[in-house]
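# An overview of the molecular structure
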Amino acid sequence: MSHVFPRHTKADLPVAVTGDGCYILDRSGKKYFDGSGGAAVSCLGHSDPDVIAAIKAQVDRIAFAHTGFFTSEPAEELADLLIGKAPGNLDRVYFVSGGSEAMEAALKLARQYFLEKGEVSRHRVIARRQSYHGNTLGALATGGNQWRREPFAPLMIDTTHIAPCYEYRDRREGETAFDYGQRIANELEAEILRLGPENVMAFVAEPVVGATAGALPPVEGYFKRIREICDNYGVLLILDEVMCGMGRTGTLFACEQDGVAPDILCIAKGLGAGYQPVGAMLCTAAIYEAIETGSGFFQHGHTYIGHPTACAAALAVFRKLTGGVADRVMPMGEKLTTALNDAFGQHPHVGDIRGRGLFRGIEIVEDRASKAPFDPKRGINKALKKAAFEAGLICYPMGGTIDGVRGDHILLAPPFILEDSHIGEITDKLNQAFKAVF
Ligand code: PMP
């Protein structure tokens with residue numbers, strides 16, 4: 001009997017023992033193509049020799065030095081490189097151990113920023129209905145997924161949610177994509193006015209929505225309008241690129257494609273590529289200066305922030321990504337989309353195939369014409385995950401919430417090192433899964 005506490009207590013999970021490029025092998029020797037990089041994590045695959053060597057070298061030098069006493073060489077170097085590539089006025093990096101921690105740090109930094117500035121009433125957070133920002137209580141409160149939130153609602157900070165930018169479902173007939181984006185973005189202004197601008201601290205969004213909506217990109221102009229509204233009312237824009245950042249969408253930061261820069265940016269997953277648990281929060285010089293000239297102390301912290309081994313791994317990942325591997329994302333993403341459209345574009349239960357770069361989602365519907373989702377009791381996304389896994393393909397299943405109704409999505413986020421032959425393997429195995437389920 002296992003004493004490990006699994007996510008699903010009834011699950012009988014295979015034991016992963018070896019990583020080999022884009023594949024994971026279990027104890028029986030079965031090979032799985034990692035079509036979702038776990039959950040958009042493993043951008044370099046599972047056996048990158050340079051990242052592994054960097055981890056070993058760092059552990060040989062020093063494993064840990066508490067950030068209350070020291071900074072470290074890999075943390076300093078990685079921060080410089082990240083800021084060198086970061087959009088807008090992002091100027092400082094706060095290293096943490098994952099995405100939820102990055103979000104918690106972002107929320108607390110936003111609050112402390114306004115306290116330092118004397119705007120003490122600013123504390124309200126506005127986010128979007130289709131969103132996931134993590135499972136710790138602050139991050140969970142910010143996310144809009146009702147199923148995840150409901151059991152813990154009494155423990156949560158007060159957050160309100162506006163509509164996501166979900167063109168496939170919400171653009172009206174006769175409305176241009178641009179006009180739709182402006183209309184939906186204006187919901188933010190209405191919500192800020194409803195709450196009172198003097199009470200609103202931040203708007204939080206994923207540039208390309210991952211775990212609740214299957215790689216859902218915004219329409220052109222949406223985020224520019226969001227940025228404008230935040231600026232007009234002095235509200236901070238926090239972008240959560242935990243899933244869509246670090247090259248996943250074809251640019252190092254997803255927001256670059258929308259022509260906006262946030263006040264605070266969160267990254268994780270692809271930052272450590274799965275080799276180490278690491279995340280980061282980046283903030284602007286203005287926010288940092290408010291703390292520096294104010295109390296001089298960010299009232300936050302964890303034992304393992306800025307862990308040297310994690311930073312050394314992330315530094316090696318960063319060098320690989322910016323040294324050429326991330327350049328593969330756009331062209332390979334195009335090939336993957338073409339293959340998905342060819343294989344599933346006309347499938348009676350495929351409503352939408354979307355995404356950017358190597359971040360692709362398939363929305364499953366019961367009826368293509370009405371876009372009606374399947375009854376959640378059918379557990380379609382879980383059944384597809386299971387059937388694909390049996391066929392040797394890892395894909396990430398999701399049941400998002402479509403204004404209270406559950407919908408099914410499959411997320412694909414393969415390693416950036418995938419080859420042309422792997423694309424055929426993904427569509428073949430996914431096809432087997434579709435045939436088994438439908
Ligand atoms: N934000 C987003 C957009 C995510 O996708 C996730 C993880 N799926 C998180 C935050 C939380 O990250 P972690 O699981 O590393 O805490």
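Along each chain, the written sequence defines residue order, and numbers are assigned to residues from 1. Local features are withheld for residues below a pLDDT of 70 in this predicted model, meaning they are given only at 70 or higher, and side-chain atom pairs are given and counted only at 80 or more; totals for whole chains, interfaces and linings count all residues.

### Observations concerning the sheet that holds strand β3 (residues 31-34)
When DSSP locates at least two bridges between a pair of strands, those strands are taken to pair. To qualify as a helix, a DSSP run of H or I must reach at least 4 residues; to qualify as a strand, a run of E must reach at least 2; elements of each kind are numbered from the N terminus. Taken together, the four strands give an open sheet; going across it, the order is β1-β2-β3-β13, and neighbouring strands pair in mixed fashion. Either end of the sheet is taken by a strand with one partner, and the two such strands are β1 (16-20) and β13 (393-394). In this structure, β3 lies alongside β13, joined through two bridges in parallel fashion. Pairing of Asp34 across the sheet is with Ile394, part of β13. Packed on one face of the sheet, helix α14 (residues 420-437) meets β3 and β13 and runs near 105° to β3. Once C-beta atoms have been placed from the backbone, residue pairs whose C-beta atoms lie within 7 Å are recorded as contacts. Think of each axis as a best-fit line through the C-alpha atoms, taken over the contacting stretch in the case of a helix, with angles from 0 to 180 degrees between the N-to-C directions.

### Structural notes on the environment of Ala11
Within the element layout of this structure, Ala11 appears in the segment before β1. Between the buried cut of 20 or more and the exposed cut of 12 or fewer other C-beta atoms within 10 Å of a residue's own C-beta lies the partly exposed class, and all C-beta atoms are placed from the backbone. For Ala11, a count of 7 C-beta atoms within 10 Å corresponds to the exposed category. Here the alpha-carbon distance between Ala11 and Ala215, two residues 204 residues apart in the chain, equals 27 Å.

### Concerning the confidence of the model for the protein
Detailed reading of predicted coordinates is not advised where the pLDDT is low. On average, residues of the protein carry a pLDDT of 96, and 98% of them reach 70 or more. The secondary structure element of the protein with the lowest average pLDDT is strand β14 (residues 396-402), at 78, and the one with the highest is strand β8 (residues 236-240), at 99. Overall fold confidence (pTM) sits at 0.98, and the ipTM for the predicted complex is 0.99. Every residue carries a pLDDT, the predictor's confidence in it, which falls somewhere between 0 and 100.

### A word on the site of the ligand
Taken together, 15 residues surround the ligand, and among them Gly98, Gly99, Ser100, Gly134 and Val242 come closest. It is helix α4 (residues 99-116) that provides the largest number of residues to the shell around the ligand, a total of three residues. When residues are grouped by polarity, Ala, Val, Leu, Ile, Met, Phe, Trp, Tyr, Cys and Pro land in nonpolar, Asp, Glu, Lys and Arg in charged, and all others, Gly among them, in polar. Tallied by class, residues from the shell around the ligand come to seven nonpolar, six polar and two charged. Near residues are defined by distance alone, with the backbone-placed C-beta atom required to lie within 6 Å of the molecule or strand.

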